[in-house]
Each structure stands twice: as C-alpha cells, then as structure tokens.
Amino acid sequence: MKTVRISLNSIDKVKSFVNDLVRFTDVDFDLVSGRYVIDAKSIMGIFSLDLSKPIDLNIHADESRLDEIVNTLKPYILEA
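First, a word on what this report is: a plain description of the structure on this page. (Residues numbered from 1 in each chain as written. Predicted model: local features only at pLDDT ≥ 70, side-chain atom pairs only at ≥ 80, totals over all residues. Heavy atoms only, no water.)

Observations regarding the side chain of serine 7
Okay, so step 1: Within the secondary structure layout, serine 7 lies in the loop between strand S1 (2-6) and helix H1 (11-22).
Okay, so step 2: The class for serine 7 is buried, based on a relative accessible area of 13%.
Okay, so step 3: Aside from chain neighbours lying at most four places away, what touches serine 7 is Lys13, Tyr76 and Leu78. (Helix = DSSP H or I, 4+ residues; strand = E, 2+ residues; numbered from the N terminus. Buried < 20%, exposed > 50% of the residue type's maximum accessible area, 1.4 Å probe, protein only. Contact = heavy atoms within 4.5 Å.)

Quick look at the structure:
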C-alpha cells in the first residue's frame, strides 16, 4: 500500500480523477479525510468530503503497478 496526498478542488478535477481510477479495475483506492474513509472510485462519496483541504489517497496495489498508477495520478498529487 502507498499513501499520497491529493487535491480535488474542482468538479472537473473530481470527474477526471474518478475516470483515471476506474481504468485500474484490479486496484482498490481509499480516500481518507479525518475519520472518514471512502471508496475513491465513488464520485458521490468524494463529494461527501471537504474538498477544500488536501486528502490522503491509499493505493492498494502491487509494487510493480505503483509507478504506473502514481504517474497517472500526478495532476492530483501534492508535492511534499
């Protein structure tokens, strides 16, 4: 599992984020905001979170796939 910090501060960004995630059918993604954990592939779930703040994304994938996934999600990832 890998955790990255992301920002989804617009409706268009949320839509494109979910579209990018659903391409990885065999990988689970969780968004963690405070005590809430939701399925990152759920657009309704994402809109239930406070999107004005950065959110943690947990990626449940094999090490071999992480580079591909992180590269796909680069537009949303906040650099440390």
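Observations concerning the sheet that holds strand S2 (residues 28-33)
Okay, so step 1: A sheet is described by the order of its strands in space; here 4 strands give the open sequence S1-S4-S2-S3, paired in antiparallel fashion. At either margin of the open sheet sits one strand with a lone partner, and together these are S1 and strand S3 (36-39). Adjacent strand axes in the sheet meet at a mean angle of 30° when their direction is disregarded.
Okay, so step 2: Pairing of S2 with S3 involves 4 bridges; the strand directions are antiparallel. Bridging from a neighbouring strand, valine 32 pairs with valine 37 of S3. (Pairing = 2+ DSSP bridges. Axes fitted to C-alpha atoms, helices over the stretch in contact; angles between N-to-C directions.)

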